[in-house]
Protein chains: 2
Amino acid sequence: MSEVEEKAAKARQAARRLAHVPVGIRNKALLSIAAELVNSCKYILAANTMDMEAGRAKGLSRALLDRLLLTPERVEEMALGVRAVAALPDPLGVVDGMQTLANGLQVGRIRVPLGVIGIIYEARPNVTVDAAAVCLKAGSAVILRGGSEAFQSNLALVQVLARAAVDAGIPEGALGMIETTDRAAVDELMKQRAYLDVIIPRGGAGLIQSVVDNSTVPVIETGVGNCHVFVDEGADLDQAKNIVINAKCQRPGVCNAMETLLVHRAEAASFLPVTLEALKERGVEVRGCPATCGLVPWVVPATGEDWGTEFLDLICAVKVVEGIDEALDHIYCYGTGHSEAIVTRDWSRGRRFLQEVDAAAVYVNASTRFTDGYQFGFGAEIGISTQKLHARGPMGLKELTTYKYIVYGDGQVRS
Amino acid sequence: MSEVEEKAAKARQAARRLAHVPVGIRNKALLSIAAELVNSCKYILAANTMDMEAGRAKGLSRALLDRLLLTPERVEEMALGVRAVAALPDPLGVVDGMQTLANGLQVGRIRVPLGVIGIIYEARPNVTVDAAAVCLKAGSAVILRGGSEAFQSNLALVQVLARAAVDAGIPEGALGMIETTDRAAVDELMKQRAYLDVIIPRGGAGLIQSVVDNSTVPVIETGVGNCHVFVDEGADLDQAKNIVINAKCQRPGVCNAMETLLVHRAEAASFLPVTLEALKERGVEVRGCPATCGLVPWVVPATGEDWGTEFLDLICAVKVVEGIDEALDHIYCYGTGHSEAIVTRDWSRGRRFLQEVDAAAVYVNASTRFTDGYQFGFGAEIGISTQKLHARGPMGLKELTTYKYIVYGDGQVRS
């Protein structure tokens, strides 16, 4: 039996018992994990140093090295995050829709764990801790497979987490990490339909596409966001400028950042020169349609490809449109169903945008940057789903559960 | 462009508009479909006669021919079904969880259509009408691919349905059928991730497995049910007998029928001879464990394979167990997560069974045959999901929808 199959089978066995571990013990385990992270900080940092050295030797970019780096403060932050998950309400056991049928049967739905969740992710070691904590709270076993750059850090973290969890009464095997580093192990993990209930890929478009294409385990697709802000005719242009700057610059490397700005032709001359200058001041490279370039000479002409690109960087595509119809068509054509915003003063067009844009989150007069489990008040987040099945948008604890029907009878049979 | 890609792309275009077609028009279209089914009965029956003749020539079994057969009464029943769907409440547009965040943003979730739903199914032409009606009501376009035995019937039905729908204001292409009859068309349909949001296979285990293995479009797995009834120590044995007979015999060919009976050792001697005799009288072949065979001499010894088989027939496997632990282990090992029942008088064991059995529907003192969208009061059903993502158990209109977040602001940006 390969490592992948063995760990998946073990996780399945653990999940069966974990499903009935009371929330008191799950929370105790989380608090104990938080404490052990801090206690084992030196051990974790030593492992991280190995990754950092290997990363430097491999010539990883400074940005990537920064994501990889752990410090005492960052370990403390991880522990704080785990404590916050412990403090959240239990998503399990909630019964809804309980009703009595004409024949006297009572039928309702109860929230139960998904079972075994696979998480495939890239460089950042904090995902290891976040994902483990959230899955454990939601009563599911988890199999983690992080990026090779963070291998030693992840291994050390999982050892600390698993020991603390087991000591607190969590079944062994509920928290597993695939240690085989070759790519084939990922492919194998995606075929463990007998043991895994869902796989959540977290990372770049390439990783997600590969999981979607190859997994026989159901997948929740996350994260690719080609987000737009449409500035409507008659919009409050100061408000629009604030929103555009925030959506583009506040954190350009994340999925809910704006990638393309759409501006109504009637506002283009008054809005674009000022706003694009403000973007430029913040280091943004602007790539515009011919009308935009006509208004702001320093703008680089956009290529067709720019409209479909998630830059994840200080780059912004800009297009002048004839009106809301063209804006909606553009978003339909190039959007990835993540987050889309209109800035408008018009009631009907606001309503229409909300109704017609098919995305996980649709905004009127606010920055797309709010699409986030913490911002939405979930208290935790395991990713942002851009698919329509099961969960859409930020996924919190509830989105990591499922339900089953429970039926109470006193001898009913079907006639 | 192949037929499959062309119809899928057309359905996607139609879905964009269909998502905003008011419920009044969707209902009008359904009523008009119901009327047209009855008006076009002769045309439909003529097409069905072709299928029946081809089926007889191919030597289809009597049971299969009966499923295939349409009569004026059956067409009338289809029309009644469509009218019933028209009468159900609209699942779309319902907003829930609307809340105001500290920064004044209002965030909530609104029910919206899935988009484009692919349905791959086998012989029965009534699925064509049911599936089209339910998807249309739920605001999604649908691509149907039925069994080759029912090709002419399905083609005639879809022509009637599509014409009535378009005349009532439904976008053209919202109701498509794949007419290419070779197997490659199904494979192609399962790869249309750009156009389809979900595929629901309805049929035997082979069909479902093939879709699960090959689809890149998200799948909702339906229907395979290896269901158990466990008769606990101290159970009301008359009640248990009624439930067992109902679960096995009321309709043995369906997924929520019981396949294996588990009986506590303490009740075996008083329960099994009488109950198995009653099953035998109803034409059931009984395959038992050694203890069962010892108590009832005419019982055929079960093979290891019998415990894992969904017979879908008048065959019943029977096993004597030492207690609820062994029953739970057996169900964990062989169950398919569909419907499981305990017959008991004991409060704690009833609670434990409800909690520990991981299945779409878990029963205390009732027949597994109730796992059904109509029985549960949904008014319509598109299948019974045996997976944990998105929907579990009977899927009604709501399970054919998704949600999106809507966010109302007045200029909020993230700090």
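Model, not experiment: these values are computed from the prediction.

Observations concerning the overall build of chain A
Thought 1: Assigned secondary structure in chain A consists of 14 helices and 16 strands.
Thought 2: Relative to its length of 415 residues, chain A is compact, with a C-alpha radius of gyration of 24 Å against a globular reference of 22 Å.
Thought 3: By principal-axis analysis of the C-alpha atoms, chain A measures approximately 70 × 70 × 35 Å.
Thought 4: A burial count over chain A gives 53% of its 415 residues as buried.
Thought 5: Taking contacts inside chain A between residues at least 6 apart in sequence as the whole, the part at least 24 apart equals 72%.

A look at helix α10 (residues 237-249) of chain B
Thought 1: When the terminal C-alpha atoms of α10(B) are compared, their 18 Å separation across 13 residues agrees well with the 18 Å that a helix rising 1.5 Å per residue should span.
Thought 2: Along α10(B), the positions that sit buried rather than exposed are B:Gln239, B:Ala240, B:Ile243, B:Val244, B:Asn246, B:Ala247 and B:Lys248.

A few points about the domain arrangement of chain A
Thought 1: The assigned domain composition of chain A is domain 1 (3-220 + 395-408) and domain 2 (227-370).
Thought 2: The C-alpha centroid of domain 2 of chain A is placed 36 Å from the C-alpha centroid of domain 1 of chain A.

Looking at the pairing of strand β2 (residues 106-113) of chain B
All names here are of chain B.
Thought 1: Relative to β2, strand β1 (residues 95-100) is paired through four bridges, and the arrangement is antiparallel. For Gln99, the partnering residue across the bridge sits in β2 and is Val107.
Thought 2: Counting the residues in the hairpin turn of β1 and β2 gives five residues, including Gly104, whose phi is positive at 95°.
Thought 3: For β2 and strand β16 (residues 401-412), the ladder comprises eight bridges, and the chain directions are antiparallel.

Some remarks on the environment of B:Asp232
Residues and elements named next belong to chain B.
Thought 1: Relative to the helices and strands, Asp232 is located in the loop between β7 (227-231) and α10.
Thought 2: When the C-alpha atoms of Asp232 and Val212 are compared, they prove to be 36 Å apart, with 20 residues separating the residues in sequence.
Thought 3: Residues contacting Asp232, with those up to four places away along its chain left out, are His264, Ile324, Ile342, Val343, Thr344, Asp346 and Arg349.

Brief notes about unusual backbone geometry
Residue and element names in this part refer to chain A.
Thought 1: Despite not being glycine, Leu312 has its phi angle at roughly 55°, a positive value.
Thought 2: Of note, Leu312 is situated in the loop between β10 (300-301) and β11 (315-321).
Thought 3: Positive phi values are uncommon outside glycine, yet His390 reaches one of about 75°.
Thought 4: With respect to the element layout, His390 can be found in the loop between β14 (384-385) and β15 (393-394).

Examining the sheet that holds strand β5 (residues 175-177) of chain A
Residues and elements named next belong to chain A.
Thought 1: One open sheet holds the four strands; their spatial order is β5-β4-β3-β6, and the pairing between them is parallel. Of all strands in the sheet, those with a lone pairing partner are β5 and β6 (198-202), marking the two edges. Adjacent strand axes in the sheet meet at a mean angle of 20°, parallel and antiparallel pairs treated alike.
Thought 2: Pairing analysis gives five bridges linking strand β3 (residues 116-121) to strand β4 (residues 141-145), with the strands arranged parallel. Along β4, the bridge assignment pairs Ile120 with Arg145.
Thought 3: Set on the sheet, helix α1 (residues 3-18) makes contact with β3, β4 and β5; between it and β4 the angle comes to about 150°.
Thought 4: Helix α7 (residues 151-167) rests against β4 and β5 of the sheet, and its axis sits at about 160° to β5.

Focus on the sheet that holds strand β11 (residues 315-321) of chain B
Consider a sheet: its strands pair through backbone hydrogen bonds, and that pairing is either parallel or antiparallel.
Thought 1: If you trace the ten strands from one edge of the open sheet to the other, you get β1(A)-β2(A)-β16(A)-β13(B)-β12(B)-β7(B)-β8(B)-β11(B)-β9(B)-β10(B), paired in mixed fashion. Here the strands that pair on one side only, and so sit at the sheet edges, are β1 (95-100) of chain A together with β10 (300-301) of chain B.
Thought 2: The sheet contact formed by strand β12 (residues 339-343) of chain B and strand β13 (residues 361-366) of chain B spans four bridges and is parallel. Bridge pairing in β13(B) links B:Ala341 to B:Tyr363.
Thought 3: Against the sheet, α10(B) engages β16 (401-412) of chain A together with β7, β8 (258-264), β11, β12 and β13 of chain B, with an angle of about 160° to β12(B).
Thought 4: Packing against the sheet, helix α11 (residues 265-281) of chain B makes contact with β7, β8, β9 (285-288) and β11 of chain B, and its axis sits at approximately 145° to β8(B).

Quick notes on helix α1 (residues 3-18) of chain B
Residue and element names in this part refer to chain B.
Thought 1: Relative to the 22 Å expected for 16 residues at 1.5 Å per residue, α1 spans 21 Å between its end C-alpha atoms, a close match to the ideal helical length.
Thought 2: Turning to α1, its buried residues number three or more, namely Val4, Lys7, Ala8, Ala11, Arg12, Ala14, Ala15 and Leu18.
Thought 3: Where the residues of α1 are buried, they touch β2, β3 (116-121), β4 (141-145), β5 (175-177) and α8 (183-189).

Details of the packing of helix α6 (residues 126-137) of chain B against helix α7 (residues 151-167) of chain B
Residue and element names in this part refer to chain B.
Thought 1: It is the contact of α6 with α7, at a shortest axis distance of 10 Å, that shows an interaxial angle of 25°. With respect to α7, the axis of α6 lies roughly parallel. Crossing geometry of α6 relative to α7 is assigned as right-handed. Of the residues in α7, those touching α6 at Thr128, Val129, Ala132 and Leu136 are Asn154, Leu157, Val158, Leu161 and Ala165.

A few points about the relation of the copies chain B and chain A
Each of the two chain copies can be generated from the other by rotation about an axis followed by a shift along it.
Thought 1: Here chain B sits on chain A after a turn of 180° about the axis and a move of 0.0 Å along it, with an RMSD of 0.0 Å. Here the transformation between the copies is reduced to the relation of a two-fold axis. Every residue of chain B has its C-alpha some distance from the rotation axis, and the shortest such distance is that of B:His390, at 1.8 Å.

Re the confidence of the model for chain A
Thought 1: Of the residues in chain A, 100% reach a pLDDT of 70 or more, and the chain-wide mean stands at 96.
Thought 2: For this predicted complex, the interface score ipTM comes out at 0.94, while the overall pTM is 0.93.

Considerations on the nonpolar core
Thought 1: Counting 146 residues, the largest nonpolar core has A:Val82, A:Leu161 and B:Leu161 as its most contacted members.
Thought 2: If we skip the residues at most four places from it in the chain, A:Leu161 touches A:Ile33, A:Val129, A:Ala132 and A:Leu175.

Things to note about the interface of chain B and chain A
Thought 1: Residue-level contacts link 55 residues of chain B with 55 residues of chain A.
Thought 2: Looking at the side of chain B that touches chain A, the elements that each hand over two or more residues are α9 (205-214), α10, α14 (347-356), β13 and β16 of chain B.
Thought 3: Per-element tally for the side of chain B that touches chain A: the top contributor is β16(B), with eleven residues.
Thought 4: Across the side of chain B that touches chain A, the residue classes break down as 26 nonpolar, 19 polar and ten charged.

Looking at the environment of A:Val274
Thought 1: If you trace the backbone, A:Val274 turns up in helix α11 (residues 265-281).
Thought 2: A:Val274 sits in the partly exposed class, given 13 other C-beta atoms within 10 Å.

Considering the pairing of strand β12 (residues 339-343) of chain A
Residues and elements named next belong to chain A.
Thought 1: With five of five residues buried, β12 lies mostly within the body of the structure.
Thought 2: Burial along β12 is two-sided: Ser339, Ala341 and Val343 and Glu340 and Ile342, pointing in opposite directions, are all buried.
Thought 3: Summarising the sheet, strand β7 (residues 227-231) and β12 pair through four bridges and their orientation is parallel. Residue pairing across strands places Val231 opposite Val343, the latter belonging to β12.
Thought 4: Of the crossover connections in this fold, the one passing from β12 over helix α14 (residues 347-356) to the parallel strand β13 (residues 361-366) is right-handed.

Some words on the environment of A:Ala266
Thought 1: Mapped onto the secondary structure, A:Ala266 falls in helix α11.
Thought 2: Separated by 32 residues in sequence, A:Ala266 and A:Gly234 have C-alpha atoms that sit 8.1 Å apart.

Definitions and cut-offs
The residue numbering used here restarts from 1 in each chain and proceeds along that chain's sequence as written. Note on labels: chains are lettered from A, ligands numbered from 1, in written order. Whole-chain, interface and lining totals are the exception, using all residues; otherwise, since this is a predicted model, local features are given only for residues with pLDDT of at least 70 and side-chain atom pairs are given and counted only at 80 or more. A run of H or I in DSSP becomes a helix once it reaches four residues, and a run of E becomes a strand once it reaches two; helices and strands are each numbered from the N terminus. For a compact globule the rule gives 2.2 Å times the number of residues to the power 0.38, and the radius of gyration it is set against comes from C-alpha atoms. Residues are called buried when their C-beta atom has 20 or more other C-beta atoms within 10 Å, exposed when it has 12 or fewer, and partly exposed otherwise; all C-beta atoms are positioned from the backbone. By the criterion used throughout, residues are in contact when their C-beta atoms, derived from the backbone, lie within 7 Å. Given a helix with a known number of residues, its expected span is that number minus one, times 1.5 Å. As annotated, the domain borders come from an automatic or database domain assignment. A pair of strands is labelled paired if DSSP reports no fewer than 2 bridges between them. Axis lines are fitted to C-alpha atoms, over the contacting stretch for helices. Their N-to-C directions set the angle, which ranges from 0 to 180 degrees. To sort the angles, those under 35 degrees are grouped as roughly parallel, those over 145 as roughly antiparallel, those from 65 to 115 as roughly perpendicular, and the leftovers as oblique. If you view the pair so one helix is near and one far, a crossing is left-handed when the near helix is turned anticlockwise from the far one by less than a right angle, and right-handed when it is turned clockwise. Least squares is used to superpose the copies, and the fit set is the C-alpha atoms of residues whose pLDDT is at least 70 in both copies. Think of pLDDT as the predictor's per-residue confidence, scored from 0 to 100. One nonpolar core equals one set of buried Ala, Val, Leu, Ile, Met, Phe, Trp, Tyr and Cys residues connected by C-beta atoms within 7 Å. Charged residues are taken to be Asp, Glu, Lys and Arg, nonpolar residues to be Ala, Val, Leu, Ile, Met, Phe, Trp, Tyr, Cys and Pro, and polar residues to be all remaining types, Gly included. Clockwise travel from the first strand over the helix to the second, with the strands pointing away from the viewer, marks a crossover as right-handed.

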